[in-house]
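Remarks on the overall topology
Here's the letter readout for the chains.
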Amino acid sequence: MIADVRIQIAHDMEDDDWLSVLIDVSARCRKQGTPISVTGQILVRMQDGKIAEGHSHLDYITLYEQLGMLPDGTQTRCMSGNAQS
């Protein structure tokens, strides 16, 4: 569905055994050839040099809008409670 994926670390923060990273993801939609740009976060806890716990988040609504899988303005419509907005 996507190609030419590039992940850039926009910001990182470390606290004891925790690491938090804000990422910018850019890619291209294979079907439409249009650029895609979304953000995400990754949070990991290290133990004995290995990842012991991990959590991640990606802005999937924006991703699916850009892939044409959701209509533009989906998040605004969901937040407003009015599907016709």
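Description of the structure in this document. Sequence order sets the numbering: in each chain, residues are counted from 1 along the sequence as written. Selection of residues for local features in this predicted model requires a pLDDT of at least 70, selection of side-chain atom pairs for listing and counting requires 80 or more, and totals for whole chains, interfaces and linings are taken over all residues. Calculated side-chain values reflect all of the structure's heavy atoms, with hydrogen atoms and water omitted.

**Section: the overall build of the protein**
Looking only at helices and strands, the protein has two helices and four strands in total. Atoms counted for the radius of gyration: C-alpha only. Globule rule: 2.2 Å times residue count to the power 0.38. For the protein, the C-alpha radius of gyration of 16 Å lies well beyond 12 Å, the compact-globule estimate for 85 residues. Counting over 85 residues, the protein shows a buried share of 20%. Within the protein, contacts between residues at least 6 apart in sequence are counted, and of these 31% link residues at least 24 apart. Using a 1.4 Å probe, accessible areas were evaluated by the Shrake-Rupley method; residue-level cover was limited to the displayed protein chains. Summed over all atoms, the accessible surface of the protein reaches about 6,400 Å², with 52% contributed by carbon and sulfur. Just so you know, the count uses Lys and Arg for positive and Asp and Glu for negative, and it drops His and the chain ends. To locate a charge, the coordinates of NZ of Lys, CZ of Arg, CG of Asp or CD of Glu are taken. Across the protein, 7 positive and 12 negative side-chain charges occur, with their mean positions spaced 15 Å apart. Under the DSSP-based scheme used, a helix requires at least four consecutive residues in state H or I and a strand at least two consecutive residues in state E, with every element numbered from the N terminus. Working definition: with a 1.4 Å probe on protein chains only, accessible area under 20% of the residue-type maximum means buried, over 50% means exposed, and in between means partly exposed. Residue contacts are counted whenever heavy atoms from the two residues lie within 4.5 Å of one another.

**Re the nonpolar core**
To define a nonpolar core, start from buried Ala, Val, Leu, Ile, Met, Phe, Trp, Tyr and Cys residues and group those joined through side-chain atoms within 4.5 Å. One finds Val21, Ile23, Val25, Ala27, Cys29, Ile36, Val38, Leu58, Leu63 and Leu67 forming the largest nonpolar core, which totals ten residues. Secondary structure elements with two or more residues in this core: strand S2 (18–29) and strand S3 (35–47). Other than its neighbours up to four places away in sequence, Val38 contacts Ile23, Asp24, Val25, Leu58, Asp59, Thr62, Leu63 and Gln66.

**Focus on the side chain of Thr74**
Position of Thr74 relative to the elements: it lies in helix H2 (residues 74–80). Apart from the residues within four sequence positions on either side, Thr74 is in contact with Ile61 and Glu65.

**Examining a negative patch on the surface**
Here, patches come from residues exposed beyond 30% relative accessible area and free of salt bridges, joined within 9 Å for like charges and within 5 Å for nonpolar side chains (Val, Leu, Ile, Met, Phe, Trp, Tyr). By definition, a salt bridge exists where a carboxyl oxygen of Asp or Glu is found within 4 Å of a side-chain nitrogen of Lys or Arg. There is a patch of like negative charges on the surface, built from Asp12, Glu14, Asp15, Asp16 and Asp17. Here Asp12 lies in strand S1 (residues 2–15). Classification of Asp12 by relative accessible area gives partly exposed; the value is 48%.

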